[in-house]
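# What the coordinates show
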Amino acid sequence: MCTLEQRGRVFVLTLTGDGEHRLGHPLIASIRSALASVAATAAQANGAGPGAALVTVAEGRFFSNGLDIGWAGTSRARLGELVAALRPVAADLLALPMPTVAAVTGHASAGGFLLALCHDYRVMRADRGVLYMSEVDIGLPLPPYFMALLRAKITAAHALRDVVLRGRKLRAPEAKEMGIVDVVCPGAPETAAEALRLAEELAARKWDGAVYASIRISMFPDACRSVGIVEESDEEKARNFASKL
Amino acid sequence: MDTGSMCTVERRGCVHLITITGAGEHRLGLPLISALRSAVAAVRASPGAGAIVLAAEGKYFSNGFDQAWARAVPRHLHASMSEGFRGLLADLLALPMPTVAAVTGHAAAAGCALALAHDTIVMRASRGFLYMSEVDAGIKIVDYFAELLRQKVPDAATRRDMLLAGSKMTAGEAVRRGVVDATADGSVEDVVATAVAAAEGLAARGWDGEVVAEVRKAMWPAVWGKVKDYGAEAAAARPRL
């Protein structure tokens, strides 16, 4: 379902296979396990390591087509379960003590789009694939934490409206113009390569992971709160300042 | 007026220009923060003051908090530096006249935040950058500071580049991304002249200063809420025993 490998300083999380990488319980659990492993390895280095970064990439035509609504069927309870299960994945990514890059190598819809948004940077292929918040078209309201993250990451009002209220399907170049994608590459191999290169460059800055995560959380504390992250107090942060003098 | 030689205040027409003096980094330790607060208070009390400009001499606008000072003093005093800075931000947000920052040189960390706390920012085109150095220095960002950045740099990608990538933003890029309002070519003096001209234009609108202050506080309610208790207004309103 997903694999985790380390290439130099970069952890590469790959959603494997040619399918839609639907976020059902098995894949979600797999991703969480991988992210926990990444965070643990980073914690062991404890600021003395060579720097680290994460790239999330996918095989096939899809980055992820969202929650496994096929499994949920008509069951609201099941759908609710999946929404609840994805929330900690978002939290894991937003609290990850290193820079994160999503290599959007295919379609990213709904929960899949959200997964990409939970990364610090997005590299996307130009030739195929769209970013698409499909909920308005399907007739599903957005879970509160989805909305919180969208509002935190898509800050141009017209862009947010297009994505959420119009269900606009964004190709990479327009997504870049809207500030949603950072780098546009010709195709999937280039996208993966560029994501890896960017991650290497970020890892080489050797930022203190805990500080990096703290600063990330301070950029959008409301969205982080919505996924269950409790921000440190100013006192705790100040203690960190004193120790750095 | 010379507030302890750390900054000067002069009048240019109805514009009051505060200049941080000297060739150094203009580190925001307690002394400079206090000097700036005194200068701002003096401008506020000046009859006929139409607008304020904050500028600096030399290569730096300000390179941030004074960590050397913090290293040398007991830890409980670090809070006073932060509190003083919060008070300076409050005083600027409550100022009953338009405020202009002339970013004449490098503005890093708290120095960058200080510039951002103004209504209008003019930045030197040819030299100097905005740099949120915290991520590189391994320093976490406390809530009121983060709030200022969230409100004054609303674009997610720009804020990420500044805070999470520690990007050094030149004037051209800063104006393109909406972080500053205008660039000015030439020397420090030229930048100051441009900022003063901008301030004159704003003062010429003849706005009621109290209204300007109230509108500004209402525009940035989250920041104002987090710094107001540290400002001169709040201090004056506190009952004395």
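Structure first, text after, so check above.
This write-up is about the structure you can find in this document. These numbers were taken from a predicted model, which means no experiment stands behind them.

Here is what the cut-offs are and how they apply
- Residues numbered from 1 in each chain as written.
- Chains lettered and ligands numbered in written order.
- Predicted model: local features only at pLDDT ≥ 70, side-chain atom pairs only at ≥ 80, totals over all residues.
- Heavy atoms only, no water.
- Helix = DSSP H or I, 4+ residues; strand = E, 2+ residues; numbered from the N terminus.
- Rg over C-alpha atoms; globule rule 2.2 N^0.38 Å.
- Buried < 20%, exposed > 50% of the residue type's maximum accessible area, 1.4 Å probe, protein only.
- Contact = heavy atoms within 4.5 Å.
- Areas by Shrake-Rupley, 256 points an atom, 1.4 Å probe, with all protein chains shown as cover.
- Lys, Arg positive; Asp, Glu negative; His and termini not counted.
- Charge placed at Lys NZ, Arg CZ, Asp CG, Glu CD.
- Salt bridge = Lys/Arg side-chain N within 4 Å of Asp/Glu carboxyl O.
- Pairing = 2+ DSSP bridges.
- Axes fitted to C-alpha atoms, helices over the stretch in contact; angles between N-to-C directions.
- Nonpolar A, V, L, I, M, F, W, Y, C, P; charged D, E, K, R; others polar.

### A look at the overall build of chain B
Of regular secondary structure, chain B possesses 12 helices and 11 strands. For chain B, whose C-alpha radius of gyration is 17 Å, the value lies close to the compact-globule estimate of 18 Å for 241 residues. Counting only C-alpha atoms and orienting by the principal axes, one finds that chain B spans roughly 50 × 45 × 35 Å. The buried share of chain B, taken over its 241 residues, is 57%. Put simply, of all contacts in chain B between residues at least 6 apart along the chain, 74% involve residues at least 24 apart. Surface exposure of chain B reaches about 9,500 Å², of which carbon and sulfur atoms provide 54%. With 26 positive and 25 negative side-chain charges, chain B shows a separation of 5 Å between the mean positions of the two kinds.

### Details of the pattern of salt bridges
Residues and elements named next belong to chain A. Under the definition given, this model contains 31 salt bridges over all chains. A salt bridge links Glu 5 to Arg 7, with the nearest nitrogen and oxygen atoms 3.2 Å apart. Using a relative accessible area of 39% as the deciding quantity, one classes Arg 7 as partly exposed. A salt bridge links Lys 237 to Glu 231; the nearest nitrogen and oxygen atoms lie 2.8 Å apart. Owing to a relative accessible area of 2%, Lys 237 belongs among the buried residues under this scheme. Residue Glu 231 is classed as partly exposed on the basis of its relative accessible area of 25%. Each of Arg 161, Asp 162, Arg 166, Arg 168 and Glu 174 takes part in salt bridges that share partners, so that together they form one network.

### Some remarks on the pairing of strand E2 (residues 10-15) of chain A
All names here are of chain A. Counting buried positions along E2 gives 6 out of 6 residues, so the element sits mostly inside the fold. Going residue by residue along E2, you find Val 10, Val 12 and Thr 14 tucked away on one face and Phe 11, Leu 13 and Leu 15 tucked away on the opposite face as well. Judged from the 6 bridges that link them, strand E1 (residues 2-7) and E2 form a sheet pairing that is antiparallel. Among the inter-strand pairings, Arg 7 is bridged to a residue of E2, identified as Val 10. Turn length for the E1-E2 hairpin, with the two strands adjacent in sequence and antiparallel, is 2 residues, and the turn residue Gly 8 shows positive phi of about 65°. Here E2 runs beside strand E3 (residues 53-58); their pairing, made up of 6 bridges, is parallel.

### Re the sheet that holds E3 of chain A
Residues and elements named next belong to chain A. Strand order in this open sheet of 6 strands is E1-E2-E3-E5-E7-E10, and the pairing throughout is mixed. Unpaired on one side and paired on the other, E1 and strand E10 (183-185) mark the two borders of the sheet. Each neighbouring strand pair of the sheet contributes to a mean axis angle of 20°, computed without reference to strand direction. Bridge analysis of strand E5 (residues 100-104) against strand E7 (residues 121-125) gives 4 bridges, and the strand direction is parallel. The partner of Val 104 across the bridge, within E7, is Met 124. In the packing of helix H1 (residues 25-45) onto the sheet, contacts are made with E1, E2 and E3, and the angle to E2 comes to roughly 175°.

### Notes on the packing of helix H3 (residues 76-94) of chain A against helix H6 (residues 144-153) of chain A
All names here are of chain A. Two elements in contact, H3 and H6, have axes separated by 10 Å at closest approach and are oriented at 30°. Residues Val 83, Leu 86, Arg 87, Ala 90 and Leu 94 of H3 touch H6, and the partners they reach there are Tyr 145, Phe 146 and Leu 149. A per-class count over the contact of H3 with H6 returns 7 nonpolar, no polar and 1 charged.

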